[in-house]
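Coordinate inspection notes
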Amino acid sequence: MNYTDVRLIAANDSLRLALRTFDRRLWYNANPTPGTLPDWDAASVYLNLSGAVGELPGDGSYRFDVQLNWSGESHPNFQTAYRGDAGQWVLASVPFTASTGWIGDVPNNNTDDRGWLAYYTIPYGSLGLAGRPPQGTVWGLGVAVHDRDSAAGPPFAAQVWPETMLPLRPASWGQLHYGLKPVYIPAPALPRATAVIRHGLNGVTVIDAAAGGSNLCGDAAAPDYFLNWGDLNYAGEIFLNVQRTEQQMDWPCDSRPYVTFPLYSLPQGKVVLSATLTLYQFGNAGAGASPGPQPSFIQVFTVREDWAENTLTWNNAPLAGDYVGATWVDPLDETPPWPGIPRHWDVSGAVAEAYATGAPLRLALYSPNWPMNSGKYFFSSDAGGDGAGRPTLTVTWGDPVAQLEKRADRSGANYREDVTYVLKFRSPGTTLILTDTLASGVDWLDDVRVYGTEVFPVYDQDEHRLTWTARLVSDQQVFITYTVSVDTVNRELLVNVAELLDQEGGASTAVAVVIANPYRIYLPVIVRAY
């Protein structure tokens, strides 16, 4: 089985993809037809401009096939484009450029190679767009890599992403999101405490391990890496290496760590305010080499599946889920004292999501770097000493604050017409005080109803204000409705301000605005006779 690393660049004028495939034997057809390109070493990229939706490809769905070839240059014989039509892929004139290359001996023989590369440039204009899609745009994306290891064949089954991707069903594809994921904004809460989660601290067990070549480029699998490099396991190692280079010959040096933090030490029913992953760096690749050590852009992704430290390998490591964040990590000139140099990643959103579902925080670290000698070495949870250099998750949490909502049943009302207001909130389990000051242009009608509580609000005629106070169980939802009558003949805004106070110091405000005696414009109804 091969492996392909896919990178995407959303340039201003085009979408660009770089595919790097580990492949032992390379074969291509010197005179292919469009339909036979996938029968050899080739790749297919699928795009759906409407997103990962639809049971069949339509006119917003595209497929781009590229086959490995000797020259490596973009050539019409080795690439073709399709467009969806009535649920099928139909050859289409959709201009794009592609190039390929290989590392090893030469294609089309039985001598071992290291793999091949494919580069795509798909102009937005070819997709009917004026330029790069705006931030937040989501396309459907699928990738299939085709493989053949002999002239006689047959070709192997394509490897696809996502793993359940079906070429004729866009709803099964993944998502290409333009722009970064929105910054995590916690729900309003009162800060209470900070939890530090680290292996061995307070009896917590944190597991981590690297998949791939670790820090010795998979030396245990040399020289024929294809036989067992993908099955190497590094359980018990005291370090984690994050490394990836563009040089196809160097893929045995690729290393991708995984780490899982349990979150059971966080009390239930709280709000995650912030969370930081800290790894402690003690070294890097390339010391004494030319070029020397290079900076690394290290990304963090969530992982949705469980894994075990003593069985984790490159071949069985779970796929990445959502992008979380990234940090630049500079190389070190010398080995620092224990516990190393702390490097931080903001993982607040990922922790909040895992905490809400009762799952542990599962993360993978990856570097999309191009230069050689960009690997970075960090201590693992198996490092000894006082444990201070082990991977650490720091989570600040707080108590939720009740959020008040208020709305009126109409946006405008005339003199002597009624307006009904609805107040809504969910109890955090503390004593709450609700005050709702009525606008001066309305009369109180003493028509109050409550839902989710037996406590009724009290109206103060002198203050023209409604007050309610009670202590409810946590997560209890309350509705309070009341009706007033417009008591002004003027055209004005009736501004109604309500405030919900928590005995712990939390506060929430809600405003409802109704126009008294508004101008009204009535449009004619046109009925056509056929």
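Just so you know, these numbers come straight off a predicted model, no measurement behind them.

Here we come to the overall build of the protein. What the protein contains, in helices and strands, is two helices and 32 strands. Computed over C-alpha atoms, the radius of gyration of the protein comes to 31 Å, more than 25% over the 24 Å expected from 2.2 N^0.38 for 530 residues, which places it beyond the range of a compact globule. Each principal axis of the C-alpha atoms in the protein carries an extent, and together these give about 95 × 80 × 35 Å. Scored against the burial criterion, the 530 residues of the protein give a buried share of 49%. Long-range contacts, defined as pairs at least 24 residues apart, comprise 75% of the intrachain contacts of the protein with a sequence gap of at least 6.

What follows deals with the sheet that holds strand β31 (residues 492-502). Within a sheet, adjacent strands bond to each other through the backbone by hydrogen bonds, running parallel or antiparallel. The strand order across the open sheet built from six strands is β24-β32-β31-β26-β29-β28, with neighbouring strands paired in mixed fashion. On the outer flanks of this sheet lie β24 (412-413) and β28 (458-460), each paired with one strand and no other. Relative to strand β29 (residues 465-471), strand β26 (residues 431-437) runs antiparallel, the two sharing seven bridges. Looking at β29, one finds that L432 is bridged to A470.

To continue, consider the environment of L438. By the element assignment, L438 lies in the loop between β26 and β27 (442-451). Taking the C-alpha atoms as reference points, L438 and A498, 60 residues apart in sequence, are found 8.6 Å from one another. Sequence-distant contacts of L438, defined by excluding residues within four places in its chain, comprise W444, Y459, H464, L466, Y482, V484 and N496.

This brings us to the nonpolar core. L404, F425, L434, W468, I480, Y482 and V484 are the most contacted members of the largest nonpolar core, which has 31 residues in total. Put simply, the parts of the chain that give this core at least two residues each are β25 (418-426), β26, β27, β29, β30 (477-486), β31 and β32 (507-516). With five residues, β30 is the largest single contributor of residues to this core. Excluding its chain neighbours within four sequence positions, the residues that come into contact with Y482 are K406, V419, T420, Y421, L423, D436, L438, W444, D447, V448, L466 and N496.

Here N517 lies in the segment after β32. Of note is the side chain of N517, whose polar atom sits 2.8 Å from the backbone nitrogen of Y415. Here the side chain of N517 touches N490 through a polar contact of 2.7 Å, landing on its backbone oxygen. What N517 contacts, discounting residues up to four positions off in sequence, is A413, N414, Y415, T488, V489, N490 and R491.

Here we come to a nonpolar patch on the surface. The grouping of L493, V495, V497, V511, V513 and I515 at the surface amounts to a nonpolar patch, some 470 Å² of accessible area in total. Residue assignment for the nonpolar patch shows that the elements contributing at least two residues are β31 and β32. Relative to the elements of secondary structure, V511 occurs in strand β32.

Quick look at the pattern of salt bridges now. Scanning all chains against the criterion turns up 20 salt bridges. R24 is paired through a salt bridge with D224; the nearest N and O atoms lie 2.9 Å apart. Pair noted here: R24 is in the loop between β2 (14-22) and β3 (42-48) and D224 is in the loop between β13 (207-212) and α1 (225-228), with a separation of 200 residues, a long-range link. For D224, a relative accessible area of 23% gives the class partly exposed. The salt bridge partner of R63 is D65, with a shortest N-O separation of 2.7 Å. Across this residue pair, the class does not change: R63 and D65 are buried. A cluster of three or more residues bridged by salt bridges with shared partners is formed by R24, R25, D112 and D224.

Along the chain, the position of E499 falls in strand β31. For the pair E499 and V272, spaced 227 residues apart in sequence, the C-alpha to C-alpha distance is 24 Å. Residues within four places of E499 in sequence aside, it is in contact with L404, I433, L434, T435, S508 and T509.

What follows is about the pairing of strand β4 (residues 61-67). For β4, the buried fraction is high: seven of the seven residues fall into the buried class. Burial along β4 is two-sided: S61, R63, D65 and Q67 and Y62, F64 and V66, pointing in opposite directions, are all buried. In this sheet, β4 lies alongside β3 in antiparallel orientation, the contact comprising seven bridges. Paired with A42 across the bridge in β4 is Q67. Bridge count for β4 against strand β5 (residues 79-85) is five bridges, and the pairing is antiparallel. Note that in β5 the partner of R63 across the bridge is Y82.

The strand order across the open sheet formed by five strands is β13-β15-β20-β17-β18, and the pairing between neighbours is antiparallel. Lying at the two open borders of the sheet, with one neighbouring strand each, are β13 and β18 (320-329). Each adjacent strand pair in this sheet contributes to an overall mean axis angle of 25 degrees, direction not counted. One ladder, built from seven bridges, connects strand β17 (residues 296-303) with β18; its direction is antiparallel. Bridging across to β18, I298 finds its partner in T327.

Another point: the packing of aromatic side chains. Considering all chains together, one arrives at 31 aromatic pairs under this definition. Taken together, a centroid distance of 6.3 Å and an interplanar angle of 75 degrees make the contact between Y124 and W139 edge-to-face. In this pair, Y124 is assigned in the loop between β8 (115-123) and β9 (138-146) and W139 in strand β9, connecting sequence segments 15 residues apart. Accessibility classification places Y124 together with W139 in one group, the buried group. Here the aromatic cluster, defined as three or more aromatic residues joined through ring pairs, consists of Y3, F22, Y225, F226, W229, W251 and W314. When the ring centre of W251 is taken as reference, the NZ or CZ atom of R114 above it lies at 5.9 Å. We note R148 situated over the ring of W40; from NZ or CZ to the ring centre the distance is 3.8 Å.

On to the pairing of strand β11 (residues 174-177). Across a regular strand the side chains alternate sides, sitting on one face of the sheet and then on the other. Side chains G174 and L176 project from β11 onto a buried face, and the interleaved Q175 and H177 project onto a face without burial. Note that β9 and β11 share four bridges and pair antiparallel. Residue pairing for β11: V138 is matched across the bridge by H177.

Reading the values: rules and limits
- Residues numbered from 1 in each chain as written.
- Predicted model: local features only at pLDDT ≥ 70, side-chain atom pairs only at ≥ 80, totals over all residues.
- Heavy atoms only, no water.
- Helix = DSSP H or I, 4+ residues; strand = E, 2+ residues; numbered from the N terminus.
- Rg over C-alpha atoms; globule rule 2.2 N^0.38 Å.
- Buried < 20%, exposed > 50% of the residue type's maximum accessible area, 1.4 Å probe, protein only.
- Contact = heavy atoms within 4.5 Å.
- Pairing = 2+ DSSP bridges.
- Core = buried A, V, L, I, M, F, W, Y, C linked by side-chain atoms within 4.5 Å.
- Polar contact = N/O pair within 3.5 Å; in protein donor to acceptor, adjacent residues only side chain to side chain.
- Patch = residues over 30% accessible without salt bridge, like charges linked within 9 Å, V, L, I, M, F, W, Y side chains within 5 Å.
- Areas by Shrake-Rupley, 256 points an atom, 1.4 Å probe, with all protein chains shown as cover.
- Salt bridge = Lys/Arg side-chain N within 4 Å of Asp/Glu carboxyl O.
- Axes fitted to C-alpha atoms, helices over the stretch in contact; angles between N-to-C directions.
- Phe/Tyr/Trp six-rings, centres within 6.5 Å; stacked < 30°, edge-to-face > 60°.
- Lys NZ or Arg CZ within 6 Å of the ring centre and 35° of its normal.

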